Amino acid sequence: MCASAYDNERTCPYADPPMLKVDLHAHTSEDPIDRIPYDARTLIERAAILGYSALALTLHDRQLPLTELTPFARERGVALVPGIERTIRGKHVLLLNFPQETEQVSNFDELARLRHRSNGLVVAPHPFYPHPTALGRFMERHASLFDAVEVNAFYTRRLNFNRRAVRWAREHGKPLVGNGDVHRLSQLGRTFSLIDAEPQADAICAAIRQGRVSVHTEPLRASEAARLFGSLVVADLSGIFDRQHADGKPRGATTEPTAAA
Ligand SMILES: [Zn+2]
Ligand SMILES: [Zn+2]
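What the chain contains, in helices and strands, is seven helices and ten strands. Looking at the chain as a whole, 44% of its 261 residues are labelled buried. The long-range fraction of contacts in the chain, counting pairs at least 24 apart against all pairs at least 6 apart in sequence, stands at 69%.

Shown next as structure tokens:
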């Protein structure tokens, strides 16, 4: 139950005090780009059933206001961490616990300044997946910007693009976080972080910065990965088709590294 390919030192959710089960990368139907079949409240309810203590809703380039969602989540024992998956120079960056102005950040220098004057946490999501939105060589160029590196749930035992991210994190002394990059409710519960913190956004981010986090992760079976990949590709194509009809001109393809598996 506590086994993991990427455990650091503490892994067990049954520790005393218990570690928080947390996912810091999840999309919902409020996402302006991806087509997601469930809304934020449905995701929160599902996460509560699965024993999550905290979640970050990380829509593409939109930081979802949490005023109404926070009490809804709290009633279910789930703390919400403000979050957004920003696209900067075409690359995805997870920004957690930042002020709303992260929606306006347009380059890495601005992000560095904002990080300096806020309590935000910068996470590199799916950094070495074979997708144009993966940070790749930007990891090295902006290494000091990243507080943590993601182990992404979308992998199988044989095809795992997280390996390079794990190596990079070790070489640079950065903590790993386990994220679902959730686009379907069925993705919840396979890969997540266990965090030694109070269930509150500032405390969770501080604990990650200090390395009080471990990754629980289980690979997808090849059949599961294929089914998920198919579902995401169909949704992508439908979204592109709809947008073309909405504004009469082609737009880019989706934004997640679904080609990874
Ligand atoms: Zn994402
Ligand atoms: Zn992404």
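Of the two faces of strand S2 (residues 54-57), the one holding Ala 54 and Ala 56 and the one holding Leu 55 and Leu 57 are both buried throughout. The pairing of strand S1 (residues 20-26) with S2 spans three bridges and is parallel. Looking at S2, one finds that Ala 26 is bridged to Leu 57. Direction of pairing for S2 relative to strand S3 (residues 79-81): parallel, over a ladder of three bridges. Across the sheet, Ala 54 pairs through a bridge with Ala 79, a residue of S3. Note on the crossover from S2 through helix H2 (residues 69-75) to S3: the handedness is right-handed.

For the rest of this paragraph, the subject is unusual backbone geometry. The phi angle at Asp 61 is positive, at roughly 60°, despite the residue not being glycine. Counting through the fold element by element, Asp 61 comes out in the loop between S2 and H2. Accessibility expressed as a C-beta count within 10 Å gives 17 for Asp 61, which makes it partly exposed. Its identity as a non-glycine residue notwithstanding, Arg 89 has a phi of 50°, on the positive side. Mapped onto the elements of the fold, Arg 89 is located in the loop between strand S4 (83-88) and strand S5 (91-96).

Before going further, it helps to spend a moment on helix H6 (residues 201-209). If you check which residues of H6 are buried, you get Ala 201, Ile 204, Cys 205, Ala 207 and Ile 208. Mapping the buried residues of H6 onto a view down its axis gives an arc of 160°, with all of them on the same face. A positive backbone phi angle near 80° is found at Gly 211, which sits one or two residues after H6.

The next thing to look at is the sheet that holds S4. Spatial strand order, S4-S5-S6-S7-S8: five strands in an open sheet with mixed pairing. Edge positions in the sheet fall to S4 and strand S8 (176-179), since each has one partner strand and no second. Going across the sheet, the axis of each strand differs from the next one's by a mean of 35°, ignoring polarity. Here S4 runs beside S5; their pairing, made up of six bridges, is antiparallel. Bridging across to S5, Ile 88 finds its partner in Lys 91. Helix H5 (residues 163-172) contacts strand S7 (148-152) and S8 of the sheet and is inclined by roughly 160° relative to S7. Along the sheet, H6 makes contact with S5, strand S6 (121-124), S7 and S8, crossing S6 at roughly 55°.

What follows is about the sheet that holds strand S10 (residues 213-217). Strand order in the open sheet formed by five strands is S3-S2-S1-S9-S10, with mixed pairing between adjacent strands. Among the strands making up the open sheet, the edge pair consists of S3 and S10. Pairs of neighbouring strands in the sheet enclose a mean axial angle of 30°, with direction left out of account.

Here we take up the nonpolar core. One finds Leu 55, Leu 96, Ile 195 and Ile 204 to be the most contacted residues of the largest nonpolar core, which totals 58 residues. A total of five residues in this core trace back to one element, the largest contributor, which is H6. Those residues in contact with Ile 204, other than ones at most four positions away along the chain, are Leu 20, Val 22, Ala 54, Val 81, Ile 195 and Ala 197.

When the pLDDT values of the chain are averaged, the result is 88; 84% of them are 70 or greater. Note that residues 249-254 has pLDDT below 50 and, in this model, eleven contacts with residues that lie over four places away or in other chains.

Further remarks concern the pairing of S6. Burial along S6 is two-sided: the face carrying Leu 121 and Val 123 and the face carrying Val 122 and Ala 124 are both buried. Where S5 and S6 come together, three bridges link them in antiparallel fashion. If you follow Leu 94 over to S6, its bridge partner there is Val 123. Relative to S7, S6 runs parallel, the two sharing two bridges. Bridge pairing in S7 places Val 123 opposite Ala 148.

What counts, and at which threshold
- Residues numbered from 1 in each chain as written.
- Chains lettered and ligands numbered in written order.
- Predicted model: local features only at pLDDT ≥ 70, side-chain atom pairs only at ≥ 80, totals over all residues.
- Helix = DSSP H or I, 4+ residues; strand = E, 2+ residues; numbered from the N terminus.
- Buried ≥ 20, exposed ≤ 12 C-beta atoms within 10 Å, placed from the backbone.
- Contact = placed C-beta atoms within 7 Å.
- Pairing = 2+ DSSP bridges.
- Right-handed = clockwise from strand over helix to strand, strands pointing away.
- Arc of directions from axis to C-beta.
- Axes fitted to C-alpha atoms, helices over the stretch in contact; angles between N-to-C directions.
- Core = buried A, V, L, I, M, F, W, Y, C linked by C-beta atoms within 7 Å.
- pLDDT = per-residue confidence, 0-100.

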